[in-house]
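Coordinates in review
Listed here are the chains, written in short residue letters.
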Amino acid sequence: MTQTLPVGEGPEVQTSVTSTDAGQGAVAVAPQWKLVWWGFKRHRLAMAGMIVIVAIYLGAIFAEFLAPYSSEHYNPDYAYAPPQRLHVLDEGEWGLYVYGYKSEQNPETLALTWTTDESKKVPVQLFAHGEEYKLLGLITTDIHLLGTSGGTKAPPMYLLGADRTGHDLLSRIIHGARISMSIGLVGVAVAFVLGLLLGGISGFFGGIVDTGIQRVVEFFMSIPTLPLWLALAAAVPPGWGPLQRYFAVTVILSMIAWTHLARVVRSRFLSLREEDFVTAAQVDGASQPRIIFRHMLPSFSSYLIASLTLSIPGMILAETSLSFLGLGLQPPVVSWGVLLQEAQNIRAVSTAPWLLLPGVAVVIAVLSLNFLGDGLRDAADPYKH
Amino acid sequence: MLGYIGRRILLMIPMIFAISIVSFVIIQLPPGDYLTTVVAQLSAQGDVVDQAQLAALKAQYGLDQPMIVQYWTWISRIVMDGDFGQSFIWNKPVSELLAGKVPLSAMLTISALLVTWVVAFPIGVYSAVRQYSVGDYVATTIGFLGIAIPEFLIALILMWVSLTYFGQSVGGLLSPEYRDSNWNLGKLLDLLGHLWVPILVLGAAGTAGLIRVLRANLLDELHKPYVIAARARGMRERRLTVKYPLRVALIPFFSTVGWILPGLVSGEVIVAQVLSLDTAGPLLLNALKAQDMYLAGSIVLIVSVLTVIGTLISDILLAWLDPRVRLRYR
Amino acid sequence: MNQTPQTREIVQGGARPRGRRARRGAVVPPTVPAADDGTALLRIKDLRTHFVTREGVVRAVDGVNLEVPKGKTVCVVGESGCGKSVTARSILQLVERPGRLVGGSISWRPDENASWVDLAGLDPHGEHLRRVRGAEIGMVFQEPMASLSPMYTIGDQLMEAIQLHLPMSKAEARDRAITQLRRVGIPQPERRMDAYSFQLSGGMCQRVMIAIALSCDPALLIADEPTTALDVTTQARILDLLKDLQEQTGMAMVFITHDLGVVAEIADEVTVMYLGKVAEHGSVEEIFDHPKHPYTQALLRSIPAMRGDRARQRLAAIQGMVPHPQHRPAGCPFHTRCDHVIAGLCDTIDPPMASFGSGHLALCHLYDENGATKEAVSRTLGEPAGAAAARQAAVRETVKEAVAAVPARPAAAVVTRERGRHAGVPAREERPLLDVSGLSMEFPIKRGMFGRTTGTIRAVNNVNLTIRPGETVGLVGESGCGKTTLGRCLARVLKPTSGQIHYETSSGSVVDLAGLRNRDLAPYRREIRVVFQDPFSSLNPRMTLLQLVGEPLRTNRLAAGTELQDQVAEMLRQVGLRPEYMHRYPHAFSGGERQRINIARALITRPRLVIADEAVSALDVSVRAQILNLLGDLQDELNLTYLFISHDLSVVEHLCDRVTVMYLGSIVETADTSSLYSTPHHPYTEALLNAVPLPNPHRRRQRHEHGLPDDLPDAANLPSGCLFHTRCPHVRQDRCPTEVPDLRETGSKHLSACHFAETLTLAGAAGHTR
């Protein structure tokens, strides 16, 4: 059976094949993810967003090492101490130090006024010994990326200022990233499961089930979310511990976010069901699960990833808002929203504007995630023509 | 058109019903019921509550009835008598409390919506028609920032800036001297003088979102065959843009009311809290913190129903604007 | 490199002096003899429109010359990507970013008394060009529905076009608009004024577009593929309309199309384009009777014309495919596909313009400037068509040899096929492979916000059909007639609502596929296969060729591992693809190659019946011929039975032994191909056949003969009695509207569903002699 047809020999085939040869050897054998990556790389803002997001998540994982202090470390003597400048050159030579603080108390308002005391140099070093912690929950160490040379006994360093009770804001922002960024991920994961399940059911079965689920989605989308979130969050029993509260808040947030994902999944599912290649798989005799998982799912995985990425910022913003209003996470848990609670009092903000810095962290994270998600969405379908 | 409106209103009924159920659930969520609160109040005043009295109270409030009957009693009182129950922290009927606050909230939200439109429209159109121009990049950047910055942060920064650099507080809706006076021209002007801050803050996120949607939609439309066909019959470019693609791109202006409005209502709660405005938002927050559930549930109910009505109005406007919607559901 | 000065010229230079200089013919040879000079309306010289993209500059139009005489129709014809649409749009500067006119002149003179204007030099947003658009030159586009705004009524858009250029009050404009609508054949124009585009059919929309384009009596109409998106009967009516209007108004037309049949039908002069350049220009008779350029010759040979000739011949396909304009070959752009290519000349030097007198021009190295065949090349050229025929015959010989060389094949099968085709009768009455009876497929209509079922569409309605082993049955009809749904029911992608599909298995037993559950269908899924229409959406872009073609083997557990790879490699070779490419993804292949992949996937399970659903409709003429040849060869080679679903009657005639015609879900006629094409027994078949434009300018259709009204009845609300009575020219009010005609034998092996099949004398395709 090695017989070949004449059509396979004639010049018509040979040229037709060589003409596609030119300059696309690598492209020709590139699978989907590679094409998506090539498309994504062209998107400069999205690349920048991705780098920032990776950095933030790495920072959250290694928070104890990166932060000079633990999130509980405080010194009430330094309430509202302003940010210090980190000096790199010490009299012409390399050397890290900060100047110490001088304070005066206003006799009437009892508020402290801070000035820099240039006579006191507090030496700072890389990989300094400080409080002990367990890196990744495993390795016990006391090395911090940056710290005062005197260890725990030296005067404290406040590179981004201190809050009402003398917590180091820099350390707290780094530690807060852990909760704020993870609540986005966990929340989206829960929403994803719900959305994929309900969206998939809706798209696959159609008919009354579809109509029913669509009405529920529309219902959730048309009512104002924050009052509902607030009401649900208020109903979380006050006796719950930080971890339970964390999960309760996550679940409450994802209860709203799944609707959007369900819509995305459903509409992609419906449009894919009509694609000829899915019909072709059916004609090939592929089983229902094989059609879904081998033929359909890879086609919208990139869309899903883009949609998921674009859902995370909403989660982060919602957590921040809830915690800011005092109905989300509660101190001593540290998240960016909890930190911003300190800024609720406008008088405090006017004396210590650096209390708004956790907000800057939120903005950077949300912006980067948006850029990343936009880039992914644009690159998601490398095959459209 | 009338048939469309009629069907749309019919569709609203199950929606409002679902909202009322959710609100009722919110009221029932915290442990204990209204009676527990009353008993606690009475005992705090030193009164001893005996079982007979308790049973009488239970019967009076219908708390011995099954849940469904309780719901029915609650909702029929609202629909028939406008009786939303009693707020125990204020010791006043909820309806009385809300009468003063909800209109203010609604006004704030609607003004913010209008501002959103007025600002987003020209920027979005400019951004699409002059794609890749400097103005487009500026608008896109503002759009991104507006989406990324939470409203309360904008409010805080605005307050901080005006306090630090202009030495005045922008919080509240009325200056102290007007706070308790009767309505007159001066009070109205004072109100307007304060109102722009929350409106600006509230509108920011919606404006940013709408600019993006409008730009993307208009960019899509600008290259549709019917635009080229209209150009080929000699239409002036400006008139062509305004008459053809812009009208299609206007659709999101009305259809996005559906998602901007809930967002604005949500934003109002938190912005009002930060700017200490005397609206329904802080009332809800305090009610929730104090577990004053009749008040909280009622606010959720009213605010949600108002949002749904707003969405309905936007749908009707949409049908008026778009013959495809109007004629499909004849 | 030398384009920059030209660009500057356009921006700075006035229109008039350049028009003169060009006429002196210093740079470019004259395109039209001096005698025609006074009648030219439009004179395009050396037009260049380029697209600057990230991947490089695409020279979509690169030095096109075109002249449009007053009152004449110039057809610009070419395959996709040859730049014909861009040329049309460049005239009115309608090319969108990143496209840009970078050189050349477009001289325009609406009448002899006016002065020449260079349209290319006008400000694209300026008043002058705006006046030319619409008032002097009208334009019609390919997608009529999308070319009208859905937000305004058609009356609105028509009145707007009128008021833009004519000083009229609203009432006057409305009157004129109604007159225009009536002129383009829209019934009840007063009522239609308030309709929206989405309430009208495609044909109606195109009439509205024509009314808009002609509303200010332009001197020239540019029609960019105006009938491509329409059904064949509608196309015929639109072509008739355009010719009527041209007679009334004396306007000239530039007609862009890829369909040589349409060209032969409507053109006075023809310009053949290839990769952004003009390959040949001449009168329609010269182009069709004495084509000079090898590309034109090859194009004409590769169309399956309805010749009435029963023997199926291999089409002379053009090798390869149109390269992407970005990778245009050096020298003559056609040299990579040309049979007469002269190495060292064609692939390096731009070909000269050869003139054959009376405006017949060809851009080819085979001729000198006076149109004489060059000495050096006369050997290779010979008499072109004759040489091609000789080569073709040689190829046919090899086919036969190759077929005969297959060891395991019973020789009888080959003989049967040969006889079957040439004698027009099947050799023996075999039991049908597929016997369909009473098959119906209904779809619920969902309306409104609640998705209620408000009715049903009977897409396929009580269909009876037999397919005998080894034959090719054609299924034709206009879009929406249910032919695709029927095909999908037979492939059991859809579960029919009622009826039986009796299939004779390879072991000789008969099963009813309609009643089987999905799970029990597995053994038949590999015996009945489908080739899909769209070469892009039918291949999962995320799978390699090996995975795609091997999928049916894997799911049916027919092969795995290296055995599977070997089989895929063998199959790819059979459809003319290199086996080495099995690790590539579909995006690396062109439309024609993707269709080969599709065929490979269908045939890898060694099926017995192949359902080809519009398998060549999305392809260019030259590639289509390759695929048709491949399908024919594989049928002989693998002993296949085909159900060939198509709207293209000439392709069906070329490939099929028997043809079935569907209308609104029902079969109206079934017969042997030659019988059906020469003596149709149903008025609908007659109308279909006569609507097909023939690629022969000497056999043009009689205008308005056998024409059908545009609008198909609502599928949810079918007419009573005979489904066709609402459009039938032979309708008789006593029986047709009330009595449903049965599909009955009205001649030898000829079934028809018409009450008056025996008494009516219906005209067959023009190519057939009765």
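Quick caveat, the model's predicted, so the values are computed rather than measured.

1. Here's the deal with the overall build of chain C
Along its length, chain C carries 24 helices and 24 strands. Here chain C holds 770 residues, and the buried ones make up 60% of them. Surface exposure of chain C reaches about 29400 Å², of which carbon and sulfur atoms provide 50%.

2. Here's the deal with the pattern of salt bridges
Evaluation of the coordinates by the stated rule reveals 41 salt bridges over all chains. Between A:Arg266 and A:Asp210 there is a salt bridge, and its shortest N-O distance comes to 2.6 Å. You can see A:Arg266 sitting in helix α9 (residues 242-273) and its partner A:Asp210 sitting in helix α7 (residues 207-222), a full 56 residues away along the chain. Across the pair, exposure class does not vary: A:Arg266 and A:Asp210 are buried alike. C:Arg573 serves as the salt-bridge partner of C:Glu570, at 3.0 Å between the closest nitrogen and oxygen. Here C:Glu570 pairs with C:Arg573, and both are found in helix α19 (residues 561-574), just three residues apart, close to one helical turn.

3. Quick look at the interface of chain B and chain C
Taken together, the contacts link 32 residues of chain B with 34 residues of chain C. With both sides pooled, the region where chain B packs onto chain C buries about 3000 Å², and carbon together with sulfur makes up 63% of that total. Counting the surface chain B buries against chain C, the share from its top three residues, B:Ile228, B:Ala232 and B:Arg233, is 21%. Counting across the interface, chain B meets chain C through four salt bridges.

4. Concerning the sheet that holds strand β3 (residues 112-135) of chain A
All names here are of chain A. Overall, antiparallel pairing links the four strands, which are arranged β1-β2-β3-β4 in an open sheet. Two strands in the sheet have a free side with no partner beyond their single neighbour: β1 (87-90) and β4 (139-148). Taking the axes of each pair of neighbouring strands and ignoring which way they run, one obtains an average angle of 50° across the sheet. Two strands pair when backbone bridges link them, and β1 and strand β2 (residues 93-105) are joined in this way by three bridges, in the antiparallel orientation. What sits directly across from His87, in β2, is Tyr97.

5. Remarks on the packing of aromatic side chains
Tallied over the entire structure, the rule returns 18 aromatic pairs over all chains. Ring centres of A:Phe324 and B:Phe152 lie 4.0 Å apart, and the angle between their planes is 15°; on these two criteria the pair is classed as stacked. One end of the pair, A:Phe324, is in helix α11 (residues 288-324); the other, B:Phe152, is in helix α7 (residues 151-165), on a second chain. Overall, A:Phe324 belongs to the buried group, its relative accessible area being 0%. Relative to B:Phe144, the ring of A:Phe371 has its centre 4.5 Å away and its plane inclined at 65°; by these criteria the two rings are edge-to-face. In this pair, A:Phe371 sits in helix α14 (residues 357-379) while B:Phe144 sits in helix α6 (residues 134-148), so the two residues belong to two different chains. According to the relative accessible area criterion, B:Phe144 is buried, its value standing at 10%. Members of the aromatic cluster, connected to one another through ring pairs, are B:Phe17, B:Phe24 and B:Tyr71. Cation over ring: A:Arg268 sits above A:Tyr303, and NZ or CZ is 3.8 Å from the ring centre.

6. Remarks on the state of the cysteines
Within this structure, the stated rule accounts for zero disulfides over all chains. Its sulfur unpaired, C:Cys346 is 5.9 Å from the next cysteine sulfur, which belongs to C:Cys332.

7. Observations concerning the packing of helix α5 (residues 94-129) of chain B against helix α15 (residues 293-321) of chain B
Residues and elements named next belong to chain B. Contact geometry for α5 and α15: axes closest at 11 Å, N-to-C directions at 45°. Here α15 runs oblique to α5, going by the angle between their axes. Crossing of α5 over α15 shows right-handed handedness. Residues Val94, Leu97, Leu98 and Val102 of α5 pack against Tyr294, Leu295, Ser298, Ile299, Ile302 and Leu306 of α15.

8. Some points on the domain arrangement of chain A
Quite often, the size of an interface is put as the accessible area lost when its parts meet. Residue and element names in this part refer to chain A. Under the domain assignment used here, chain A contains domain 1 (79-160) and domain 2 (173-384). If you average the C-alpha positions of domain 1 and of domain 2, the two centres end up 38 Å apart. Of the residues lining the interface, five residues belong to domain 1; the matching set on domain 2 comes to six residues. Approximately 470 Å² of surface area, both sides summed, lies buried where domain 1 meets domain 2, with 76% of it carried by carbon and sulfur atoms. Connecting domain 1 to domain 2 are zero salt bridges. Our count for the domain 1 to domain 2 interface comes out at zero residue pairs in polar contact (both at pLDDT 80 or more).

Parameters at a glance
- Residues numbered from 1 in each chain as written.
- Chains lettered and ligands numbered in written order.
- Predicted model: local features only at pLDDT ≥ 70, side-chain atom pairs only at ≥ 80, totals over all residues.
- Heavy atoms only, no water.
- Helix = DSSP H or I, 4+ residues; strand = E, 2+ residues; numbered from the N terminus.
- Buried < 20%, exposed > 50% of the residue type's maximum accessible area, 1.4 Å probe, protein only.
- Areas by Shrake-Rupley, 256 points an atom, 1.4 Å probe, with all protein chains shown as cover.
- Salt bridge = Lys/Arg side-chain N within 4 Å of Asp/Glu carboxyl O.
- Contact = heavy atoms within 4.5 Å.
- Buried area = accessible area lost by both parts, 1.4 Å probe.
- Pairing = 2+ DSSP bridges.
- Axes fitted to C-alpha atoms, helices over the stretch in contact; angles between N-to-C directions.
- Phe/Tyr/Trp six-rings, centres within 6.5 Å; stacked < 30°, edge-to-face > 60°.
- Lys NZ or Arg CZ within 6 Å of the ring centre and 35° of its normal.
- Disulfide = S-S within 2.5 Å.
- Parallel < 35°, antiparallel > 145°, perpendicular 65-115°, else oblique.
- Left-handed = near helix turned anticlockwise from the far one by under 90°.
- Domains from an automatic or database assignment.
- Polar contact = N/O pair within 3.5 Å; in protein donor to acceptor, adjacent residues only side chain to side chain.

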